[in-house]
Structure formats: structure tokens, C-alpha cells
Amino acid sequence: MGAEPLLKIENLVKHFHVRLGAFGEKAATVYALDDIDLSIMEGETLSLVGESGCGKSTTGFTILNLYRATSGKVLYRGQNLAELDEREMRPFRRDLQIVFQDPYSTLNPRMTIGEAIGEPILFHKLAGKAEVKDKVAALLADVGLPARFAQRYPHELSGGQRQRVVIARALACQPKFIVCDEAISALDVSIQAQIINLLLDLQEKYGLTYLFIAHDLAVVRHISTRVGVMYLGRLAELASREDLFGEPLHPYTKALLSAVPETNPAHERTRQRQILQGDVPSPLDPPSGCRFHTRCPIAMSVCSAKIPAWREARPGHYVACHAVEAGAPS
Ligand SMILES: Nc1ncnc2c1ncn2[C@@H]1O[C@H](COP(=O)(O)OP(=O)(O)O)[C@@H](O)[C@H]1O
Ligand code: SF4
Ligand SMILES: [Mg+2]
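These notes cover the structure that comes with them. (Residues numbered from 1 in each chain as written. Chains lettered and ligands numbered in written order. Predicted model: local features only at pLDDT ≥ 70, side-chain atom pairs only at ≥ 80, totals over all residues. Heavy atoms only, no water.)

Right, let's get into the site of ligand 1. Among the 13 residues in the neighbourhood of ligand 1, the closest are listed as Gly53, Gly55, Lys56, Ser57 and Thr58. A distance of 2.7 Å is found between an oxygen atom of ligand 1 and a backbone nitrogen or oxygen belonging to Gly53. Between ligand 1 and Gly55, the relevant distance is 3.1 Å, taken from an oxygen atom to a main-chain nitrogen or oxygen of the residue. A total of 560 Å² of accessible area belongs to ligand 1 in isolation, and the protein chains cover 67% of it. For the shell around ligand 1, the elements supplying multiple residues, two or more each, are strand E1 (5–20), strand E2 (26–41) and helix H1 (56–63). With three residues, H1 is the largest single contributor of residues to the shell around ligand 1. Taken together, the residues of the shell around ligand 1 sort by class into seven nonpolar, five polar and one charged. (Near = heavy atom within 4 Å. Polar contact = N/O pair within 3.5 Å; in protein donor to acceptor, adjacent residues only side chain to side chain. Areas by Shrake-Rupley, 256 points an atom, 1.4 Å probe, with all protein chains shown as cover. Helix = DSSP H or I, 4+ residues; strand = E, 2+ residues; numbered from the N terminus. Nonpolar A, V, L, I, M, F, W, Y, C, P; charged D, E, K, R; others polar.)

Encoded structure:
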């Protein structure tokens, strides 16, 4: 991991204005992301975890300016991407790619694999028409597929092969940064491992930086340099993989981790599973103060009154929790 941040995200906020009711008569706000502060270091894999709906995808989309930020900054090479319109974004689009859970939605069913991978090469003028075929073959080789696959259509491929094609298409742009949004979640477990290893090999070969969005904590533990834990649109904790899994500080992180089976049978026998009470509150009306206070086993009176500051509790270990601030035992 390089010492320099590739992306610096400052106070990023994304609210969606929606209309509710049978006739859309009521205006409401979805507080999807609030005050996210985060640096993504060159060459690292930063994972984001948290329950469904906590804002992981919105973070990825807003960083890439696919969703327009409500406020805050996304600094990339000295430029705040959040203030750029689509035309101004064009020079940055090549560097910043995304791979989704469902490769079918990314691939045009009427385009051959060769055309799909060749399209961004021609669009970004990375090669002339004559060289595209060779480039496509090299990209297919990069993702472990034979060159003859260029003539095939998406429906002729398995799910794992299609995800390899989507990765090749993202690589065609020679990107610096890839958001992998649940990119392996829909695949069989055995195929997941292959795609993870492919992503790690490509990261090393091309010096890629990943924002890896996932809900499988065992996978996150395997792949990440650092891990961020989100709860209801806010970051609860962020630390190196070792610190987060070894010494979690936030009560929510502790609850999440307690649900992961231990690979060491001795540890597994003594594992205390902590079940969170209640449902995740609605992002239409998030709880005051610490958004976790309605479910936190150690909530205090200050927790519903005051938003806990996002601070570096240990070197490189960030957390937002009044109990940690007050020096309570972790
Ligand atoms: N385009 C949108 N319009 C309105 N609400 C949205 C939109 N996209 C996401 N949301 C809401 O924002 C919240 C965060 O969603 P999301 O980022 O998709 O969560 P995650 O990826 O962690 O499951 C959810 O409540 C979701 O319903
Ligand atoms: S701030 Fe309070 S409610 Fe929130 S996690 Fe910490 S102790 Fe629990
Ligand atoms: Mg998502």
C-alpha cells in the first residue's frame, strides 16, 4: 500500500429526496450518507461492510460521481470530483471503474464479448481499430479466458466467466481505482474464491486500488488492507484488517464480528454470539445522536443527545463512539 491517498473523501453527504404515499403526496428525505471522512490509499483494498441499506453502494456511487453528492468533497489528483458535471468527469471516467454484482446487467446481450471489451478501448482511443483484437485477446488472457471467447455472447458463458468479462472490460480502460460492489456475492462459493484470487493478482500486476463492498466478513478478512464498518449512513469504525478483526472498538463492529464463525476450532467453541436487538431504523428518520443507540447494548444518555465524533482512537484506528471516547474498556 502506498503512503499517498489516491482518493480523499471529506464530509461526504448524500441525501435522496423522495416522494411517499400512494400518490407521492408526501416529500421525504433518505439520509443515505452523512459526513463520511475517508482516505483510500494507493494500492490498497479498502472494504466496506454493514447491513443491507446502510449506504455502502451509495458511497461507491457518490465517490464515482454516478450519484451527485449533496455536499462534501471527493478529491482525486487535486480535483474535487463531486463538483464536476458529466462532461468535466470524462477525463476521470477511465481511471475510475465499477464492477457490479450482476454481470448480466453490465453486458449488452446483443454484443459479443469481443465487442463489449473493445468498446471502451475505442471510446477512450486507447488503440486503433486494427489493434483492438489483440488488446481484447490480451485482456481475456489477463482474466483467465481463452481468446476464442471474443466471438461468444454473454448468455453462452457461466456466471463466473461473465464476471471475468466484466473485469476485463473495466481493465480495458487501464483504471487506477475499481469499486467492486458485491462483485462476487452472486457467485457460487468455489467460483467466488477464483474471482477473489483473480482480483488480487490483477491488483498486484497493475497496482490497482479497490473499494471492496461486501457482506461476507470471511471474504473481507481475506482480501482487505483496511476495513470500514458502516451503520445507517455513517462510518462507525475504520481500521487495518488486523486491528478491526483483532481489536474491534465499536459495539456494532463487535456484534457484526461475533456472527462470523472462527476458523480455529478452539476459538469457535468459546465464541459468544451477540444478537442485535431490534431492526435497523429507517434512513428516512434516523435516530438522533449516535444512530446505533436504539440497538446498542451499552448506550448511555449522551448517546441519543450527541453525535459521537469521528476520531483516531488508536494510531490508524478510527471510531465514532462515546464509550470509546470516555475511555471505557474496549
Ligand atoms: N436512487 C435512490 N433513491 C432513493 N433512495 C435510495 C437510492 N439509492 C439508495 N437509496 C437508499 O439509500 C439507502 C442506502 O442504500 P445503499 O447504498 O444501496 O445500501 P447498501 O449498498 O449498503 O445496501 C437505502 O435506504 C436505500 O433505500
Ligand atoms: S455512541 Fe453510545 S450508542 Fe453509539 S455505539 Fe457508542 S455507546 Fe453505543
Ligand atoms: Mg449495495
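Our focus in this paragraph is the pattern of salt bridges. Enumeration over the complete set of coordinates arrives at nine salt bridges. The residue Glu10 makes a salt bridge to Lys8 at a minimum N-O spacing of 3.3 Å. Glu86 is the partner of Arg93 in a salt bridge, and the nearest nitrogen-oxygen pair spans 3.1 Å. According to the relative accessible area criterion, Arg93 is buried, its value standing at 15%. The class for Glu86 is partly exposed, based on a relative accessible area of 46%. (Salt bridge = Lys/Arg side-chain N within 4 Å of Asp/Glu carboxyl O. Buried < 20%, exposed > 50% of the residue type's maximum accessible area, 1.4 Å probe, protein only.)

Taken together, four strands build an open sheet; the order of strands is E2-E1-E4-E5 and the sheet is antiparallel. Each end of this open sheet is capped by a strand with a single partner; those strands are E2 and strand E5 (79–80). Pairing of E1 with strand E4 (residues 71–76), which is carried by five bridges, proceeds in the antiparallel orientation. Paired with Leu7 across the bridge in E4 is Tyr76. The sheet contacts of H1 involve E1, E2 and E4, and relative to E1 the element is tilted by about 115°. (Pairing = 2+ DSSP bridges. Contact = heavy atoms within 4.5 Å. Axes fitted to C-alpha atoms, helices over the stretch in contact; angles between N-to-C directions.)

A word on helix H6 (residues 159–171). With 13 residues, H6 ought to run about 18 Å at 1.5 Å a step, and its terminal C-alpha atoms sit 18 Å apart, in line with that. Most of H6 sits out of view: 10 of its 13 residues are buried. Taken together, the buried positions of H6 are Gly160, Arg162, Gln163, Arg164, Val165, Val166, Ile167, Ala168, Ala170 and Leu171. For H6, the elements touching its buried residues are strand E6 (96–99), helix H3 (103–106), helix H4 (113–123), helix H5 (129–142) and helix H7 (189–206). (Expected span 1.5 Å × (residues − 1).)

Looking at where His155 falls in the secondary structure, it is placed in the loop between H5 and H6. Residue classification places His155 among the exposed residues on the basis of a relative accessible area of 56%. Residues His155 and Leu84, 71 residues apart in the sequence, show an inter-C-alpha distance of 37 Å. Dropping the residues within four chain positions of it, His155 is found in contact with Tyr104 and Arg162.

It is worth spelling out the site of ligand 2 at this point. The immediate surroundings of ligand 2 are formed by His250, Pro251, Cys290, Phe292, His293, Cys296, Ile298, Ala299, Cys303, Cys321, His322 and Ala323. Most atoms of ligand 2, that is more than half of them, are within 2 Å of grid points of the largest cavity. In terms of residue class, the shell around ligand 2 is made up of nine nonpolar, three polar and no charged. (1 Å grid on protein atoms, 1.4 Å probe; cavity = no way out; pocket = protein on both sides within 12 Å on 5 of 7 lines; lining within 4 Å. Sits in = over half its atoms within 2 Å of the grid points.)

Our next topic: the packing of H4 against H6. Taken N-terminus to C-terminus, the directions of H4 and H6 make an angle of 25°; their axes are 7 Å apart at the nearest point. Taken together, the axes of H4 and H6 are roughly parallel relative to one another. Between H4 and H6 lies a crossing whose hand is right-handed. Within the contact between the two elements, H4 uses Ile113, Ala116, Ile117, Glu119 and Pro120 and H6 uses Val165, Ala168 and Arg169. (Parallel < 35°, antiparallel > 145°, perpendicular 65-115°, else oblique. Left-handed = near helix turned anticlockwise from the far one by under 90°.)

In this section: empty space enclosed by the protein. Applying the stated criterion across every chain yields a total of one cavity of 30 Å³ or more. Looking at the largest cavity, its volume works out to about 90 Å³. Along the wall of the largest cavity there are 13 residues; nearest its centre are Pro251, Cys290, Cys296, Cys303 and Cys321. For the lining of the largest cavity, the per-class residue count stands at 10 nonpolar, three polar and no charged. (Points joined across faces, edges and corners; volume = space filled by probe spheres on them.)

For the pair H4 and H5, interaxial distance at closest approach is 9 Å and the crossing angle is 115°. The interaxial crossing formed by H4 with H5 has right-handed handedness. Here Ile113, Gly114, Ile117, Gly118, Ile121 and Leu122 of H4 come into contact with H5, specifically with Lys129, Val132, Lys135, Val136, Leu139 and Leu140. Residue composition of the contact of H4 with H5, by class: eight nonpolar, two polar and two charged.

Okay, the nonpolar core next. The nonpolar side chains of soluble globular proteins are, as a tendency, buried together. Membership of the largest hydrophobic core comes to 59 residues, with the highest contact counts inside it found for Ile117, Ile121, Leu140, Val143, Ile167, Leu202 and Phe212. Looking at which element gives the most residues to this core, the answer is H6, with six residues. Excluding its chain neighbours within four sequence positions, the residues that come into contact with Ile121 are Leu126, Ala127, Val132, Lys135, Val136, Leu139 and Ala172. Within the second largest apolar cluster, 31 residues are counted, among which are Leu38, Cys54, Leu84 and Leu238. (Core = buried A, V, L, I, M, F, W, Y, C linked by side-chain atoms within 4.5 Å.)

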